[in-house]
Amino acid sequence: MGCDVMNNNSQLETIEMNLLFDAIYRKYHYDFRNYSQASLKRRTKRFVKNEGLNSIAEAIPKVLYDSASMIRLLNEISVTVTSLFRDTEFWQTIRHTIVPTLQTYPSCRIWCAGCATGEEAYSMAIMLYECGLWERTRIYATDINPVAIEQCNAARIPLTDIEEYNKNYHCAGGNAALSDYVTIDGEYAALKPFLRDKIVFSQHNLVTDESFNEFHIILCRNVLIYFNNELKDRVHNLLHNSLCPFGFLALGKKESLTSTTHEKSYTCFSNTHKIYKKTITSNQTPQGFDEILLRR
């Protein structure tokens, strides 16, 4: 009897989840229907508890008629764990093995997809400035969460994190001082304007939005682990269509291109850091290929 009740409750929660996220898609056009169910259910139940609701079903009218409640749910679902120069060996690899290629390009476009609160974009900005690429670089950093984008545009780092970030910066190959790139503003360190001017922060939904440019590097790290296989393929198609021929795609450590529809469209550049290089076949006539020839 006990097991039957638990199974029934689980089935009811699944029905409620489906109704909730179908309603959200219809009202707000955020599509979470193919997210990994275990993670999504855990985060949704935490939202339900924090809102003082008794069930996931009660969250449906709550988010439909209260946009502020929808933003709180979005903040709960969105993953915003990040830091400046996170995974320092990854940044060493970018600096020493990919930047020399970028230095041969007349211009460079980079997309940080799923940028959370912006630290990854700030890290890229500092590194490219030190490597002499800043004047010909544009970084596009996007996230589904509008609150996170507001934080990105503020370009402020809590002072409590500065010591850790300074250590990360030097371990990642930084050759100056992190203090050269920030100014103290109360309890925060603000990124200096000359760096912020080259970064475009914008809301973008990897699930429902289209490609908006062609990039030499795309960083989409620790995002796809929250998607099911169908959604992963959809996003990989978007990333592939957004990447220049011979461009670089960086995924998270637990992510890979194995068994995806575009697996054969890349060569593995660094298996340790899950960096892949886009290749082309003889029957492809990719846009922007003349730009690649300019550097030869």
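Quick notes on the rules
Residues numbered from 1 in each chain as written. Predicted model: local features only at pLDDT ≥ 70, side-chain atom pairs only at ≥ 80, totals over all residues. Heavy atoms only, no water. Core = buried A, V, L, I, M, F, W, Y, C linked by side-chain atoms within 4.5 Å. Buried < 20%, exposed > 50% of the residue type's maximum accessible area, 1.4 Å probe, protein only. Helix = DSSP H or I, 4+ residues; strand = E, 2+ residues; numbered from the N terminus. Pairing = 2+ DSSP bridges. Axes fitted to C-alpha atoms, helices over the stretch in contact; angles between N-to-C directions. 1 Å grid on protein atoms, 1.4 Å probe; cavity = no way out; pocket = protein on both sides within 12 Å on 5 of 7 lines; lining within 4 Å. Points joined across faces, edges and corners; volume = space filled by probe spheres on them. Nonpolar A, V, L, I, M, F, W, Y, C, P; charged D, E, K, R; others polar.

Before going further, it helps to spend a moment on the nonpolar core. Core analysis: the largest hydrophobic core is formed by 45 residues, its most contacted members being Leu-128, Ile-139, Ile-199 and Phe-201. Ranked by residue count, the leading element in this core is helix 6 (residues 119-130), at seven residues. Counting 42 residues, the second-largest nonpolar core is a separate cluster that includes Tyr-30, Val-63, Leu-224 and Tyr-266.

Next up on the list: the environment of Tyr-105. With respect to the element layout, Tyr-105 can be found in the loop between helix 5 (88-102) and strand 1 (108-113). Take Tyr-105: its relative accessible area is 4%, and that puts it in the buried class. C-alpha of Tyr-105 to C-alpha of Asp-22: the two residues are 83 residues apart in sequence and 44 Å apart in space.

On to the sheet that holds strand 8 (residues 243-251). Spatially, 6-2-1-7-8-10-9 is the arrangement adopted by the seven strands of the open sheet, whose pairing is mixed. Every other strand in the sheet has two partners, leaving strand 6 (199-203) and strand 9 (266-270) as the edge strands with one partner each. Averaged over all adjacent pairs, the angle separating strand axes in this sheet is 20 degrees, with direction ignored. Two elements, strand 1 and strand 7 (residues 215-220), share three bridges in a ladder whose sense is parallel. Opposite Cys-112, over in strand 7, you have Leu-219 as the bridge partner.

The computed volume of the largest pocket comes to approximately 620 Å³. Lining the largest pocket are 37 residues, with Val-79, Gly-114, Arg-221, Asn-222 and Val-223 positioned closest to its centre. Within the residue set of the lining of the largest pocket, elements represented by two or more residues are helix 2 (37-50), helix 6 and strand 2 (137-143). For the lining of the largest pocket, the element with the highest residue contribution is helix 2, accounting for three residues. Residue composition of the lining of the largest pocket, by class: 18 nonpolar, twelve polar and seven charged.

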